[in-house]
Amino acid sequence: MQSLWRDDDAERMVAHYVAKGVARDVALRVYTSRLLGGDPKLVLHGGGNTSVKTTMTDFLGASREVLCVKGSGWDLATIEPPGLPALHLQPLRELKKRDKLSDEDMVSFQRSQLLDPNAPNPSIETLLHAFLPHKFVDHTHATALLGITDQPDGKKICAEVYGDRAPLVPYVMPGFAMAKIASAVFEKYPKSEGFILLKHGIFAYGADAREAYERMISLVSLAEARLEKGPRKRLAAVALPAALAPVHEVAPIVRGAIAEVADKADGIWRRQILDFRATPAVLAYVNGADVTRYSQIGVVTPDHTIRTKNWPLVVPPPAADLTGFAAGVKAAVDAFVARYHDYFIRHNKRAEPNKTELDPLPRVVLVPGLGLFGAGKSKKDAQIAADIAENTIAVIADAEATGRYEAVSEADMFDVEYWSLEQAKLGKGADAALARHVAVVTGGGSGIGAATAAAFAKQGAAVAVFDKNADAAKAVAKKIGGLGVGCDVNDTKSVRSAFDQVCAAFGGVDILVSNAGAAWQGKIGEVSDEILRQSFELNFFSHQTVAKNAVRIMRAQGTGGCLLFNVSKQAVNPGPDFGPYGLPKAATLFLSRQYALDYGAEGIRSNAVNADRVLTGMLTPDFAKERAAKRGITVDEYMRDGNLLRREVKASDVADAFVSLALANKTTAAVTTVDGGNIAAALR
Ligand code: ZN
């Protein structure tokens, strides 16, 4: 591991922040915090913390000694000065005289010492930072360090590797007790450069930013060297089926199995979004003959438990024909849930006060032969779980290659998992209405489709944008943080491939907005069959193709779903010369009802939106201009005058109707009209 410290980079950052009124010490603290946070071998997603002791002027103009320490909710990789709230240092140090301090008292006392009362909560390790005399203090959960400490003789190995340079601190829960013990260890070894928290991580300290950072790098490098020394055992591989099913077929089965019924009577599911990984290291690990032993020992450092639970789910390898796979996965999930429940009951007995059980669903799924899935309420959470799982694999593989992996005790894991200060890191508040849902929008590259994709993303859904124009799909997806896929809805192979990509990216599909369409015109007795058939291909058969694919995936998940079709007012109220457009749309309206009828028993709803006169829909600006000119009115008047409310119907109005139908859990076979009021097109 190399030091990334560069004098010119450091000075550039100092100049940047000093110009904004930030102290030099804090600017340097930001610089090395980002160096640490930028290396996943040192720090992952909100892990680790850093501090600097400096002086600041308080509200009354007096110079005060302060500790600037990482605030809760900030990530070291992207930290800014406000992510390092300042606390009065002396009062924090006074706490060292105490024997005991409750978590509640610790948190409220720390808050009371903030210079800015609106600052984020300081790190749960604040007191440890305060009790050490050094100006700069850095803490990480470095992968290599965990590889040597997470072993039955981790203590002995660390003592050999570090000696007095970094003495050992036995495992204790983070917070006041750990701060006391660590400071006592430091006082015994005043010349140390840092210390090792057994089965947790490492602290390094120094008189300046560079010294503390480079001590961290050099101490972690010693662990790396130790792991590379001597022979490494390879994980023995298990025999796998000759042919394996692809990830896009496996993912919906896994995703369905790790969803939980939130309300059985109402058919409401608590689903998760998936993120798939299959690096050589992941495969060597999941294919190990011993995977059900070493993967079930526990997390590599306690605070991972809130992201990954203590253990991953291990499912059987998916043979190509997938016969029996779903049953095998379900049995594995049932056993996982039962084990989690039992773990909770056993440890909750000694918890004071008693805790409320968290959801028992796995966050990491190991699939021998295939790879691993991270799971979470959003794509981002799933990625975090997968990143931590990859890091866990690196640590356990290191420990197993040189010795044997061992984690903290189950009781210690429980205490951290159910510690209010850890749970607070995940943030409070209810999920967004469509969090945990995957939505596919066809024709999503522009107009109503793009507005609909944005509306679903705003409600928290993971959105896949399909469009014939792949660049347009990707541009919309980029804006909303979704997945853009080039897809020709008239081509069954292209549709299948697009849905496969969604399953590989998110794990499955819950909502389909079948929106792609185009208008053809012609007097019905004179129009060519070719035109009529073209329109049927796009305005009817493509809806059937995408719906069929969505239903196939929804049935593999077994957690219901929602189909939404964009049918025009032409479907109920034909316009002159619009037969070629209206006929297939009428068939699509019927298609929506047929799906409602055939799949209602499986919890799959099917509804349609009947929109009219939307400038970015079938109605092109040129066409609107032409119609308006014919009547001698402006385009604006044309857009409003055609409806009862005299309001222009916008793409976002149609998008909102799709969202409301997606949320209407008791509604199926319905048509929602979004046309500002058109009595001739009213459904009867
Ligand atoms: Zn830590």
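This is a predicted model, so every value here is computed, not measured. (Residues numbered from 1 in each chain as written. Predicted model: local features only at pLDDT ≥ 70, side-chain atom pairs only at ≥ 80, totals over all residues. Heavy atoms only, no water.)

K.L.:
How should the packing of helix α10 (residues 247-257) against helix α20 (residues 492-506) be read in this particular structure?
P.N.:
Where α10 contacts α20, the axes come no closer than 8 Å and their chain directions differ by 55°. Classified by the angle their axes make, α10 and α20 are oblique. In this structure, α10 crosses over α20, and the sense of that crossing is left-handed. Touching Val 247, His 248, Glu 249, Ala 251, Pro 252 and Arg 255 of α10 are Arg 496, Asp 500, Cys 503, Ala 504 and Phe 506, all from α20. When grouped by side-chain class, the residues that make up the contact of α10 with α20 number six nonpolar, one polar and four charged. (Axes fitted to C-alpha atoms, helices over the stretch in contact; angles between N-to-C directions. Helix = DSSP H or I, 4+ residues; strand = E, 2+ residues; numbered from the N terminus. Parallel < 35°, antiparallel > 145°, perpendicular 65-115°, else oblique. Left-handed = near helix turned anticlockwise from the far one by under 90°. Contact = heavy atoms within 4.5 Å. Nonpolar A, V, L, I, M, F, W, Y, C, P; charged D, E, K, R; others polar.)

K.L.:
So what exactly am I meant to see when it comes to the environment of Ala 119 here?
P.N.:
By the secondary structure assignment, Ala 119 is in the loop between α4 (103-112) and α5 (126-131). A relative accessible area of 11% means that Ala 119 is categorised as buried. Along the chain, Ala 119 and Gly 83 lie 36 residues apart, while their C-alpha atoms are 8.3 Å from each other. Excluding residues within four positions of it along the chain, Ala 119 makes contact with Pro 85, Arg 111 and Leu 114. (Buried < 20%, exposed > 50% of the residue type's maximum accessible area, 1.4 Å probe, protein only.)

K.L.:
Help me understand the domain arrangement of the protein chain, please; the structure alone is not making it clear to me.
P.N.:
Reports of interface size often rely on the accessible area that becomes lost once the parts have come together. Looking at the assigned domains, one finds that the protein chain contains domain 1 (7-228), domain 2 (247-426) and domain 3 (438-613 + 650-681). Relative placement of domain 2 and domain 3: their C-alpha centres are 35 Å apart. Listed per partner, the contact involves 18 residues of domain 2 and 21 residues of domain 3. Both faces combined, the contact of domain 2 with domain 3 buries some 1400 Å², and carbon together with sulfur accounts for 54% of it. Taken as a group, His 248, Pro 252 and Arg 255 account for 35% of the area that domain 2 buries against domain 3, more than any other trio of residues on that side. At the junction of domain 2 and domain 3, the tally comes to nine residue pairs in polar contact (both at pLDDT 80 or more). (Domains from an automatic or database assignment. Buried area = accessible area lost by both parts, 1.4 Å probe. Polar contact = N/O pair within 3.5 Å; in protein donor to acceptor, adjacent residues only side chain to side chain.)

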